[in-house]
Amino acid sequence: MRRLASLLVVFAVLALTPALATAQAKVTLWYPAGDITAGAAHFADKTLFAEFEAKHNVKVEAVGLDYDTMQQKIFAAAAGKNIGDILFVDNGWIPGFLKEEMLEPVADAKAKAWLAAVSPEIRELSDYGNGRMWGYPQYGIDVYGLTWNKEHFKEAGLDPEKPPRTWAEFREYAKKLTKRDAQGNITRVGYAIRHVGHPHGIVHKHFWALYSAGVRLVDDPLLLRGGKALINNDGGKAALKLVLDMLDVDKSTSLNFPDPRAAFLKGIASMQISETVSIKARQPKEAPDLKWGMALPPAPKAGDAPVSLLGAWVYAVPKQAKNKAAAWQLIEWLNSPEKDYELCKKYDASPRYQVNWGKEPFKSDPYNQALKDMYPAGKKLPINLGFNGVMDAVGGAIQKVWHHEAQLEAALAEADRQANKAIADAAK
Amino acid sequence: MGWRRRGFRRRHLLHAYLFIAPVVLLFGVFRVVPAVQTLLYSVYKVELLRGRFTFVGLDNFRALLADEAFGQAMVNTLAYVAAIVPISAALGLGLAVLFDTRFRLSELFKAVYFAPMVTSTAAAAMVWWWLYNPQFGLLNVLLRLVHLPDQPWLMSSRTALTAIIIFSVWKSLGYNMIIYLAGLQAIPAQFYEAATIDGAGALARFWRISVPLLAPTTTFLLIYNGILAFQVFDQVFVLTGGGPANATNVVVLDIYRQAFERFNFGYAAAEATVLFLLILGITVVQYVYSKRFEVAY
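Residues numbered from 1 in each chain as written. Chains lettered and ligands numbered in written order. Predicted model: local features only at pLDDT ≥ 70, side-chain atom pairs only at ≥ 80, totals over all residues. Heavy atoms only, no water.

K.L.:
Any chance you could explain the overall build of chain B here in plain terms?
P.N.:
From N to C terminus, chain B includes 13 helices and 2 strands. In terms of C-alpha radius of gyration, chain B reaches 24 Å, well past the compact-globule figure of 19 Å for 297 residues. Seen through its C-alpha atoms, chain B measures out along the principal axes to roughly 85 × 75 × 35 Å. The buried share of chain B, taken over its 297 residues, is 42%. If you take every contact in chain B between residues at least 6 apart in sequence, the share linking residues at least 24 apart comes to 65%. Total accessible area computed for chain B in this model is approximately 16,700 Å², and 71% of it derives from carbon and sulfur atoms. Taking the average place of the 23 positive charges on the side chains of chain B and the average place of its 14 negative ones, the gap between the two points comes to 13 Å. (Helix = DSSP H or I, 4+ residues; strand = E, 2+ residues; numbered from the N terminus. Rg over C-alpha atoms; globule rule 2.2 N^0.38 Å. Buried < 20%, exposed > 50% of the residue type's maximum accessible area, 1.4 Å probe, protein only. Contact = heavy atoms within 4.5 Å. Areas by Shrake-Rupley, 256 points an atom, 1.4 Å probe, with all protein chains shown as cover. Lys, Arg positive; Asp, Glu negative; His and termini not counted. Charge placed at Lys NZ, Arg CZ, Asp CG, Glu CD.)

K.L.:
I tried to follow the overall build of chain A on my own but got confused; where do I start?
P.N.:
Summing up its helical and strand segments, chain A has 18 helices and 12 strands in all. Taking 2.2 N^0.38 as the reference for a compact globule, 428 residues should give roughly 22 Å; the C-alpha atoms of chain A span a radius of gyration of 24 Å, in line with that estimate. Its C-alpha atoms give chain A principal-axis dimensions of about 95 × 50 × 45 Å. Counting only contacts in chain A whose residues sit at least 6 apart along the sequence, the fraction spanning at least 24 positions is 72%. As displayed, chain A has an accessible area near 17,800 Å², and 55% of this comes from carbon and sulfur atoms. A distance of 4 Å separates the average location of the 54 positive side-chain charges in chain A from that of its 49 negative side-chain charges.

K.L.:
Whenever I open this one, the sheet that holds strand β3 (residues 86–90) of chain A confuses me. Can you help?
P.N.:
Two pairing modes exist for strands in a sheet, parallel and antiparallel, and in both the strands are linked by backbone hydrogen bonds. All names here are of chain A. In spatial order, the strands read β2-β1-β3-β11-β4; together these 5 strands make up an open sheet with mixed pairing. The sheet terminates laterally at β2 (58–65) and β4 (136–137), the two strands that pair on one side only. Of the pairings in the sheet, the one linking strand β1 (residues 25–32) to β3 comprises 2 bridges and is parallel in character. Paired with W30 across the bridge in β3 is L87. Sitting on the sheet, helix α3 (residues 70–79) is in contact with β1, β2 and β3, with an inclination near 145° to β1. (Pairing = 2+ DSSP bridges. Axes fitted to C-alpha atoms, helices over the stretch in contact; angles between N-to-C directions.)

K.L.:
Explanation requested: the packing of helix α17 (residues 387–402) of chain A against helix α18 (residues 408–427) of chain A in the structure shown.
P.N.:
To characterise two packed helices, one gives the angle between the axes of the helices and the distance between these axes. Residue and element names in this part refer to chain A. Two elements in contact, α17 and α18, have axes separated by 8 Å at closest approach and are oriented at 170°. As judged from the angle between their axes, α17 and α18 are roughly antiparallel. Contacts from G389, V390, A393, V394, A397 and V401 of α17 reach α18 at L408, A411, A415, Q418, A419, A422 and I423. Taken together, the residues that form the contact of α17 with α18 break down as 11 nonpolar, 2 polar and no charged. (Parallel < 35°, antiparallel > 145°, perpendicular 65-115°, else oblique. Nonpolar A, V, L, I, M, F, W, Y, C, P; charged D, E, K, R; others polar.)

K.L.:
Whenever I open this one, the packing of aromatic side chains confuses me. Can you help?
P.N.:
Think of a pair of aromatic rings as described by two things: how far the centres are apart, and how the planes are tilted against each other in angle. All names here are of chain A. Scanning the entire structure with this criterion turns up 42 aromatic pairs over all chains. With centroids separated by 5.8 Å and ring planes inclined at 75°, the aromatic side chains of W93 and W313 adopt a geometry described as edge-to-face. Within this pair, whereas W93 is found in the loop between β3 and α4 (94–99), its partner W313 is found in strand β11 (residues 313–316), the two being separated by 220 residues in sequence. Of the two residues, W93 and W313, neither departs from the other in class, the shared state being buried. Arranged with centres 4.1 Å apart and planes meeting at 15°, the rings of F207 and Y211 form a pair that is stacked. Highlighted residues: F207 and Y211, both in helix α9 (residues 199–213), separated by 4 residues, approximately one helical turn. The exposure class assigned to F207 is buried, which follows from its relative accessible area of 0%. Ring pairs connect the aromatic residues Y31, F43, F49, Y67, F88, W93, W313 and Y315, which therefore count as one cluster. (Phe/Tyr/Trp six-rings, centres within 6.5 Å; stacked < 30°, edge-to-face > 60°.)

K.L.:
Help me understand a nonpolar patch on the surface in this model?
P.N.:
Residue and element names in this part refer to chain B. Together, L39, F276, L277, L280, V284, Y287 and V288 line one region of the surface with nonpolar side chains, adding up to about 650 Å² of accessible area. Here the nonpolar patch takes 6 residues from helix α13 (residues 265–291), the largest share from any one element. Position of F276 among the secondary structure elements: in helix α13. Given a relative accessible area of 43%, F276 falls into the partly exposed group. (Patch = residues over 30% accessible without salt bridge, like charges linked within 9 Å, V, L, I, M, F, W, Y side chains within 5 Å. Salt bridge = Lys/Arg side-chain N within 4 Å of Asp/Glu carboxyl O.)

K.L.:
Is there a simple way to explain the side chain of Q399 of chain A in this structure?
P.N.:
Considering the arrangement of structural elements, one finds Q399 of chain A in helix α17. Under the relative-accessibility criterion, Q399 of chain A is labelled buried at 3%. Apart from the residues lying within four places of it in its own chain, the contact partners of Q399 of chain A are H195, V196, G197 and I202 of chain A together with G243, P244, A245 and N246 of chain B.

K.L.:
Before we go on, may I ask you to explain the confidence of the model for chain B in this structure?
P.N.:
In low-pLDDT segments, the atomic positions of the prediction should not be examined closely. When the pLDDT values of chain B are averaged, the result is 90; 97% of them are 70 or greater. Overall fold confidence for the complex sits at a pTM of 0.82, while the interface term, ipTM, reaches 0.75. (pLDDT = per-residue confidence, 0-100.)

K.L.:
In this structure, what is going on with the nonpolar core? I would like to understand it.
P.N.:
Among soluble globular proteins, nonpolar side chains are generally buried collectively. All names here are of chain A. Counting residues in each nonpolar core, the largest one holds 130 residues, and the members touching the most others are F43, F49, I74, M102 and L330. The contact partners of L330, leaving out residues within four places of it in the chain, are V27, F49, F52, V60 and I86. In terms of nonpolar packing, the next biggest core, distinct from the first, is built from 53 residues, L217, M246, L255 and A295 among them. (Core = buried A, V, L, I, M, F, W, Y, C linked by side-chain atoms within 4.5 Å.)

K.L.:
Quick question: what am I supposed to make of the side chain of Q135 of chain B here?
P.N.:
Within the secondary structure, Q135 of chain B is located in the loop between α5 (121–131) and α6 (138–145). A polar atom in the side chain of Q135 of chain B sits 2.5 Å from the backbone oxygen of N256 of chain A. (Polar contact = N/O pair within 3.5 Å; in protein donor to acceptor, adjacent residues only side chain to side chain.)

K.L.:
I keep staring at the interface of chain A and chain B and nothing clicks. Help me out?
P.N.:
By a widespread convention, an interface's size corresponds to the accessible area lost as its parts come together. Facing 39 residues of chain A, the contacting portion of chain B comprises 32 residues. Counting the surface chain A buries against chain B, the share from its top three residues, F75, E100 and N256 of chain A, is 20%. Applying the counting rule to chain A against chain B returns 2 salt bridges. When the shortest N-O distance is used, the salt bridge between R262 of chain B and D392 of chain A registers 3.4 Å. Between the two partners, chain A and chain B, sit 14 residue pairs in polar contact (both at pLDDT 80 or more). Those elements giving two or more residues to the side of chain A that touches chain B turn out to be α3, α4, α17 and α18 of chain A. Here the side of chain A that touches chain B is built from residues that sort into 13 nonpolar, 14 polar and 12 charged. (Buried area = accessible area lost by both parts, 1.4 Å probe.)

K.L.:
Looking at this model, I keep getting lost on the pairing of strand β8 (residues 269–275) of chain A. Mind explaining?
P.N.:
The side chains of a regular strand alternate, first on one face of the sheet and then on the other. Residue and element names in this part refer to chain A. Counting buried positions along β8 gives 7 out of 7 residues, so the element sits mostly inside the fold. Here 3 bridges tie strand β7 (residues 186–192) to β8, and the two strands are oriented parallel to one another. Each bridged residue has a counterpart across the sheet, and for Y191 the counterpart in β8 is M271.

K.L.:
In this structure, what is going on with the environment of A204 of chain B? I would like to understand it.
P.N.:
Residues and elements named next belong to chain B. With respect to the helices and strands, the residue A204 is situated in helix α9 (residues 202–213). The exposure class assigned to A204 is partly exposed, which follows from its relative accessible area of 32%. Linking A204 and G266, residues 62 residues apart in sequence, is a C-alpha distance of 54 Å.

Written as structure tokens, this is what we have:
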């Protein structure tokens, strides 16, 4: 009996030894599947992590999640303590996660080194106040811009190299660019608006007008708790009225065109304002013959500074991650200056490190240089814990006004009240 | 002898309980416990990941009363229920009457009508999203063919809820048809024969025999469809996301948003509790009231 037991022990040890010798840690990275962001598509590249995996004996598993339900899945997974080690998330989601204290901060020394080495717009996107970081923005950040169809401009007698610079010019251009059929129905809008879908998306696409006119979603964008939403003011009225007039007076835009980017790429919209990175990524596949230009959105009047929205997808580590050490190791490897250069060159994206902007091809690439010129006008979204409520309130007001569900003044007053309530509630 | 019978009965009961235990256990874990938990959360401020629960009494319910978005979601939900339940039941009954007589390819047509029921709501909604597209959608193409003006469908706050109701009727029609068909086929043929001999026409037979004898079926469908309609979510989430301008925001979507986008779990639980009480109340009233119309045969 004793011999049998000894034999079993020896057998078990022999059987387990090779398995133990080759045991490999695994890091899971959760990202949005599909074409929601150009950068997420890179995770499907099997070779992306090969060097890291070989060097650190770590297996990296990239898991694509449905974008529309990704926040819910992340939260449920965190509650169940069965979550990805790295989350690749929209920076607009960070405040919601912070509200539940769900994220690991970036170590102070690492954050300091990063902020010193990256370009100003990346610094702005990374810094959550006093050098505090909750993740690393990915290369190829988004800056919202006006894109226009050069052929349509020519056809309408406009200079295809000169975009509208002021709101008045913008309205004039849009009127000239609009086309109608024999019955008077609009077949091509001068400017396509986003007016349906998630309220956050609607605010993103109209941020340029709201901010350049003086609206502030939260007065101090780096305040986690407290602060004030400045929505119901002359700027807010002007920003909403701009599109309302284009809908009702100029009839140069229409509620029948749901997705500005798709409409622009299909040639049924001459101008649209959204993520330029996305147009760059989709245009070769969806509209290979399209000749398009890109510039900052127009300012209220000559002499005013144009404003754009800066957005990024961020690598973050949840507190519930099982392999935090390996996760940070992978993030630091992916976000090193060398990898930044290599991956941006490979995927035709804009780099983050100042040193890489001085290297070719970025140094003389016209698209990247145009983006670089646009970045200083970019502002990031506030980090307030009541941010989601503020966005819902403003997005709802925009929809109500454009859909003629409410008077402009009443909708803005209601949005202002709801947004400030959301800020106050989140601060409790 | 008595003790032997009692022992046998005890064993019999034990076996019966053992057989139903897995289902009871699963139902308890996945249905009863979360439902009780939700009722409990409704009186707390819940910070789930922090593990912090602050008792707030009825504060969440008071806040609900002043919440315009929730108010509109409730109105939209009631409008949706009021439209979809009678329309899909009436159309289902019409189809069932049609299919009660056998004709060539009737089984194929039945399958065609039933197919939406077994299709994923999200997948079907994606197809309908394109059908509703104002520029390229099939529905506007059909309207143009008969010289009617284009409709904005999902793009307008005035037509979006109607568009969702049309989709939901299409989706639930097949199920209603099958249930009514089963009900019709259970009615003894001699009732119709006797009525025919007495000189009753087709319409009279339908109103005087079919409709009263289908009362239990109708009761079941009204309750079942009503409960499902109050819980509408998937099609709204995919087709409109609750917009435009909250025109299609429904209670379950609002619960989802409060819980998973704004992380207000206590508040979302209070919304869920209100919905639960509403469904329970309407179901009880419907059940008690419908009993009056039941006819035994």
